[in-house]
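Chain by chain, the residues run as shown.
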Amino acid sequence: MNPMASFSFATVPTILSAPGATRNLGRELRERFPDIRRVLLVTDQGFLRTGLAEAPIESLRAAMFHVEQFADVIADPPEHVVEDAVSLARQHETELVIGLGGGSSMDVAKLVAALAASTQPLAEIYGIGNVRGTRLPLVQIPTTAGTGSEVTNISIVTTGATSKMGIVAPQLFADLAILDAELTIGLPAAVTAATGIDAMVHAIEAYTSKHKKNPLSDGLARQALSLLSRHLIRACENGHDLAARQSMLLGAMLAGQAFANAPVAAVHALAYPIGGIFHVPHGLSNSLVLPHVLRYNAKACAEQYAELATIVVPHAEGSVEARTEALAVAMQQFATITGLPRTLRQVGITASDLDLLADDAMKQTRLLGNNPRPVAREDAYALYKLAL
Ligand SMILES: NC(=O)c1ccc[n+]([C@@H]2O[C@H](COP(=O)([O-])OP(=O)(O)OC[C@H]3O[C@@H](n4cnc5c(N)ncnc54)[C@H](O)[C@@H]3O)[C@@H](O)[C@H]2O)c1
Ligand SMILES: [Fe+2]
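Residues numbered from 1 in each chain as written. Chains lettered and ligands numbered in written order. Predicted model: local features only at pLDDT ≥ 70, side-chain atom pairs only at ≥ 80, totals over all residues. Heavy atoms only, no water.

Colleague: Explain the overall build of the protein here, please?
Modeller: Scanning the protein from terminus to terminus reveals 14 helices and 9 strands. Relative to the 2.2 N^0.38 estimate, which gives 21 Å for 388 residues, the radius of gyration of the protein is 20 Å and therefore close to what a compact globule would have. Along the first, second and third principal axes, the C-alpha set of the protein runs to 60 × 50 × 40 Å. Out of the 388 residues belonging to the protein, those deemed buried represent 61%. Sequence separation of 24 or more characterises 78% of the internal contacts of the protein that already satisfy a separation of 6 or more. Of the roughly 15200 Å² that the protein leaves accessible, carbon and sulfur atoms contribute 54%. When the 30 positive and 36 negative side-chain charges of the protein are each reduced to one mean point, those points stand 3 Å apart. (Helix = DSSP H or I, 4+ residues; strand = E, 2+ residues; numbered from the N terminus. Rg over C-alpha atoms; globule rule 2.2 N^0.38 Å. Buried < 20%, exposed > 50% of the residue type's maximum accessible area, 1.4 Å probe, protein only. Contact = heavy atoms within 4.5 Å. Areas by Shrake-Rupley, 256 points an atom, 1.4 Å probe, with all protein chains shown as cover. Lys, Arg positive; Asp, Glu negative; His and termini not counted. Charge placed at Lys NZ, Arg CZ, Asp CG, Glu CD.)

Shown next, in the form of C-alpha cells:
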C-alpha cells in the first residue's frame, strides 16, 4: 500500500444491522423521519409471496405512515418499470421511498427517489454524475445477500430489449440501509448461492480494480470475502440459520461498500450480456464466467489473487500461481456444491451465440476500463468459449 496515493471514499451515512429490526420498521423510521407521512414501498411479487413484508408494513402503519406499494418490479428491471414507479410516486405525493427486495427493487427505489421530485427524464441520467438536484429521502432494505445495492451509488436498468446500462451518482446513496436476516430466510437455495457468489465477485473485483482500489476498499473486500466464503454453504444448506444469513447480508453489504468505491470489471462486463440476452440471473451469469476471467487476469494481478486465496482457501500453499489457481478452483466449487449450472450450455447458450455476447461485452467500457488486464474483443470471445 502506498500511503501517498490519493483516493476518496463514500458510503451511506447510516447502516443498521440487526436481525428482526424490520419488525419495528415503523418505530425506527418515525424516530429518524418525524415529519414524514407518505411512504412508497418499492418491492416485487416474488418477495411479497413469502409473506415477510407483512410485519414491516403493519409496523409502518402503526407508526402513522400512509403506505403505498409499488410491487411490480421485475428482475433486471426495464425502463418502463422505473417510469411506472416514478408515476405512482408522484401521484401518491411520496415523501419517502423504501426499497424492500433484491437488487432489482432497490435499484428501482433509488431512481424513484431521484426522479419523482425532478423534471429530469430517465434517459438523461445514464452514465456517471448526470443526476441533477436532490432526491427524496431513501431507505434500503435488502432481501437477498448479493448486490450490496443498499450501500452503492449505482442503479442498473435494462434498456431496449437486451442491454443493461448503469446510472452512477452520489444522490443514489441511501440515507439508511437496514440489514435484517429474518427477511432472507425464505430465499431459495439456488438464489442464495447465485446472489452470494455475486457478492464475492464484488469483493474480488474491487480488490483488483485498476484505478480506484484503496486501503478502505481493500479492507472491506477482504472482510466481505471472509464472511461470505465461510457462510455461503451453511446458508444454502439451512436457510433458517439466522447467524449464517446475517453474516451473508453483512458480507454482501461490505462488498457493496468496497465496489462502490473501487468498481467492478471484466467478470461483470462479460456477465451483463448473459443476463441481458438470455435472462440468466445476475449472480449466476457472474459465476459462469468467473473462473475463466480469474485465470485470464492472473497474468496481471496474481499477487492480489494469492492474497485473497489465503482468505477463501486458507489451506492453499505454494507459489503465487498455485494459490491463484486454488482461488479459481474454490470459486468453481461453490457453484458445484450449491448445484448451480457450471457452463453456458447448461443455461441454453450455444457456440453460435458467442459472437453476439462478445460484441455486447465490448460495449461495457465503463467496467472493462477497471479490469487489471486489457480485454480485447477476441479475448472476450475466447473467455466465453472457455465458459461454454
Ligand atoms: N446497484 C448495484 O450496485 C447492483 C450491483 C449488482 C447487481 N445489480 C442489479 O441487481 C439486480 C439483481 O438483484 P438480485 O440478485 O438481488 O435479484 P433480484 O432482486 O432480481 O431478485 C431475484 C429473485 O429473488 C426473489 N426474492 C428476492 N428476495 C427474496 C426473498 N427474501 N425470498 C424469496 N424470494 C426473494 C425475487 O422475487 C426475484 O424473483 C440486477 O438487475 C443487477 O443488474 C445492482
Ligand atoms: Fe454484481
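On we go from here.
Colleague: Can you help me understand the sheet that holds strand β5 (residues 127-128) in this one?
Modeller: Each strand in a sheet pairs with another by means of backbone hydrogen bonds, the pair being arranged parallel or else antiparallel. What the 3 strands build is an open sheet, ordered β5-β8-β7; its pairing is mixed. For this open sheet the edge positions go to β5 and β7 (154-159), each flanked by a neighbour on one side alone. Here β5 pairs with strand β8 (residues 163-168) via 2 bridges, running parallel. Looking at β8, one finds that Gly-127 is bridged to Ile-167. Contacts from helix α5 (residues 103-115) reach β7 and β8 within the one sheet, and its direction differs from that of β7 by about 100 degrees. (Pairing = 2+ DSSP bridges. Axes fitted to C-alpha atoms, helices over the stretch in contact; angles between N-to-C directions.)

Colleague: Looking at this structure, I do not really get the coordination of the iron ion (ligand 2). What am I missing?
Modeller: Reference values for angles at a metal are 109.5 degrees in the four-donor tetrahedral case and 90 or 180 degrees in the six-donor octahedral case. Coordination of the iron ion (ligand 2) by the protein involves Asp-198 (OD), His-202 (NE2), His-268 (NE2) and His-282 (NE2), with metal-donor separations of 2.1 to 2.2 Å. In this structure, the iron ion (ligand 2) is coordinated by 4 donor atoms arranged in irregular fashion, with angles at the metal of 84 to 165 degrees. (Donors = N, O, S within 2.8 Å, 3.2 Å for Na, K, Ca; no water. Tetrahedral: all angles 85-135°; square planar, octahedral: opposite > 155°, others 65-115°.)

Colleague: Would you mind going over the site of ligand 1 with me for this structure?
Modeller: Near ligand 1 you find 29 residues, and of these Asp-44, Ser-104, Thr-143, Thr-152 and Ile-154 are the closest. Within the backbone of Gly-103, an N or O atom sits 2.8 Å from an oxygen atom of ligand 1. Interatomic distance of 3.4 Å between a side-chain N/O atom of Ser-149 and a nitrogen atom of ligand 1. For the shell around ligand 1, the elements supplying multiple residues, two or more each, are α2 (45-48), α5, β7 and α6 (189-207). Tallying contributions element by element places α5 first for the shell around ligand 1, with 4 residues. Its residues placed into classes, the shell around ligand 1 shows 10 nonpolar, 14 polar and 5 charged. (Near = heavy atom within 4 Å. Polar contact = N/O pair within 3.5 Å; in protein donor to acceptor, adjacent residues only side chain to side chain. Nonpolar A, V, L, I, M, F, W, Y, C, P; charged D, E, K, R; others polar.)

Nothing here speaks to function; it is all geometry.
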